[in-house]
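# Overview (structure and organization)
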Amino acid sequence: MHADTQNLSTKASQKIHSPLHQFEIKALMPLHIGKYDVSFTNASVFMVLTVLFILIFFTGALHKKRIIPTKFQLMAEMLYGFVAQQLEETAGKEGKIYFPFVFSLFLFILGANLLGMVPYAYTVTSQIIVTFSLAMLVFVVITCVGILRHGRDFITYFMPSGVPKVLFPLIVPIELISYLSRPVSLSIRLFANMMAGHTMLKVFAIFTVVMGMWGVAPLVLNIVLTVFEIMVAILQAYVFTILTCIYLHDAIHLH
Amino acid sequence: MKNQNPTEEEVLSEKIALFRKKPVLFPQKFSQDTGKKQAVSFFRVGSEFVSAIIASVLLGLGVDAIFETQPFGILGFFIMGSIAGFLNIFRILRKMNDESASKTENETDAHL
Amino acid sequence: MDVQAAKMIGAGLAVVALMGVGIGIGNIFSSLISAIARNPSARDQLFPIGLLGFALTEAVALFALLIAFLILFL
């Protein structure tokens, strides 16, 4: 009886994948260095594809610069102008030298999010380790910027002015935790939004398959959700970049 | 007198001149800016509280593992993490409030 | 009962908390909308307060999700 039910459940799962199946990582080229598993997986494939896609788009759009832009050149220029404007608005004039970092971060996240919307593609940003690595990169860069710019004065970042010195043993750890929570919140926001969205799309796709003729209703909903997901993909890339700019501003100006 | 084969630049400047003559579609500047900012803070605020607690609980677990102070590390760090989360949210909202206050001040100044 | 099955049921039960979160967020935004409808000029002052309530309610949802993940994968 027990084996029977197990058999049945595996059969059912073969017929319809679970909605979380799309996040599975498969090693395409197994590779171990020491005790670490550094296999080339399907996630790596899509990261490489994202970078290639961005490179091809920008070289294609800008290889012949013209005064009257083509559509692709216009898109590239708009992306550039958009990020440059946001950076200058939030981080100020001094933040401009970090533009290459912010722009490549924005393009990578945007490219990965949008590439994930292609059917059968793997969404790289729905893996928490990827988003956490990106957030840690931002965190380390910002801490380095703060320390290099202010040296020892960077400690005053954790000591808010206008607080009596007696409260410092209480305030400083809290400020420190608040500072350390930045990469966590950055990574969790991106990961949760992308994963929830893709799971939802898959759930409604499963409804469409299961319900037969009545599957038209979830199909219509799925189309609407796809548009919504594309919007979320763009918005999340924007939020990530804006928060990077805000943190840069904090690191440059110390409050 | 126009020459027979206008270059691309001339065509563009003609188009720009035509476009300038057209009635303006959006007379006021779009107030998209505040919408974008509100969307950002909307997404920001949701995860800020939890992430502070997650970070502090991980720290507390680490402290417990190293110094073997079993329940106290995680308890203390949890309390401090929730205070830090509240602080995070209050900072974001205070900043929003300040911005909106300065904006309304400017508007009233313009009216006067 | 299988341990795996029990884990899945437990994770499912943990996310029941989302019911209350749904009611709460609906309540917050309905009051926010009616408040703004009564006094549209107070929009900029009301929005952050609504956002504060939203954030604290959202935190409960994320905690439930966290517990569900802990039950499932730990």
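Now for a quick tour of the structure. (Residues numbered from 1 in each chain as written. Chains lettered and ligands numbered in written order. Predicted model: local features only at pLDDT ≥ 70, side-chain atom pairs only at ≥ 80, totals over all residues. Heavy atoms only, no water.)

### A closer look at the interface of chain A and chain B
- Listed per partner, the contact involves 26 residues of chain A and 25 residues of chain B.
- Where chain A abuts chain B, roughly 2,200 Å² becomes buried across the two surfaces, and 70% of that area is made up of carbon and sulfur atoms.
- Sorting the residues of chain A by area buried against chain B places Ile68(A), Ile174(A) and Ile177(A) first, and these three jointly supply 25% of that buried surface.
- Counting across the interface, chain A meets chain B through two salt bridges.
- Remark: the boundary between chain A and chain B carries five residue pairs in polar contact (both at pLDDT 80 or more).
- For the side of chain A that touches chain B, the elements supplying multiple residues, two or more each, are helix H3 (71-91), helix H6 (168-210) and helix H7 (216-253) of chain A.
- Split into classes, the residues belonging to the side of chain A that touches chain B amount to 16 nonpolar, six polar and four charged. (Contact = heavy atoms within 4.5 Å. Buried area = accessible area lost by both parts, 1.4 Å probe. Salt bridge = Lys/Arg side-chain N within 4 Å of Asp/Glu carboxyl O. Polar contact = N/O pair within 3.5 Å; in protein donor to acceptor, adjacent residues only side chain to side chain. Helix = DSSP H or I, 4+ residues; strand = E, 2+ residues; numbered from the N terminus. Nonpolar A, V, L, I, M, F, W, Y, C, P; charged D, E, K, R; others polar.)

### Looking at the pattern of salt bridges
- Following the criterion strictly, the structure yields five salt bridges over all chains and no others.
- Residues Glu175(A) and Arg91(B) are paired through a salt bridge, measuring 2.4 Å at the closest nitrogen-oxygen approach. Highlighted residues: Glu175(A) in helix H6 and Arg91(B) in helix H3 (residues 70-111), drawn from two different chains.
- Residue class for Glu175(A) comes out buried when judged on its relative accessible area of 4%.
- With its nearest N and O atoms 3.1 Å apart, the salt bridge here joins Arg182(A) to Asp250(A). With a gap of 68 residues between them, Arg182(A) in helix H6 and Asp250(A) in helix H7 connect regions that are remote in the sequence.
- Residue classification places Arg182(A) among the buried positions, given a relative accessible area of 11%. (Buried < 20%, exposed > 50% of the residue type's maximum accessible area, 1.4 Å probe, protein only.)

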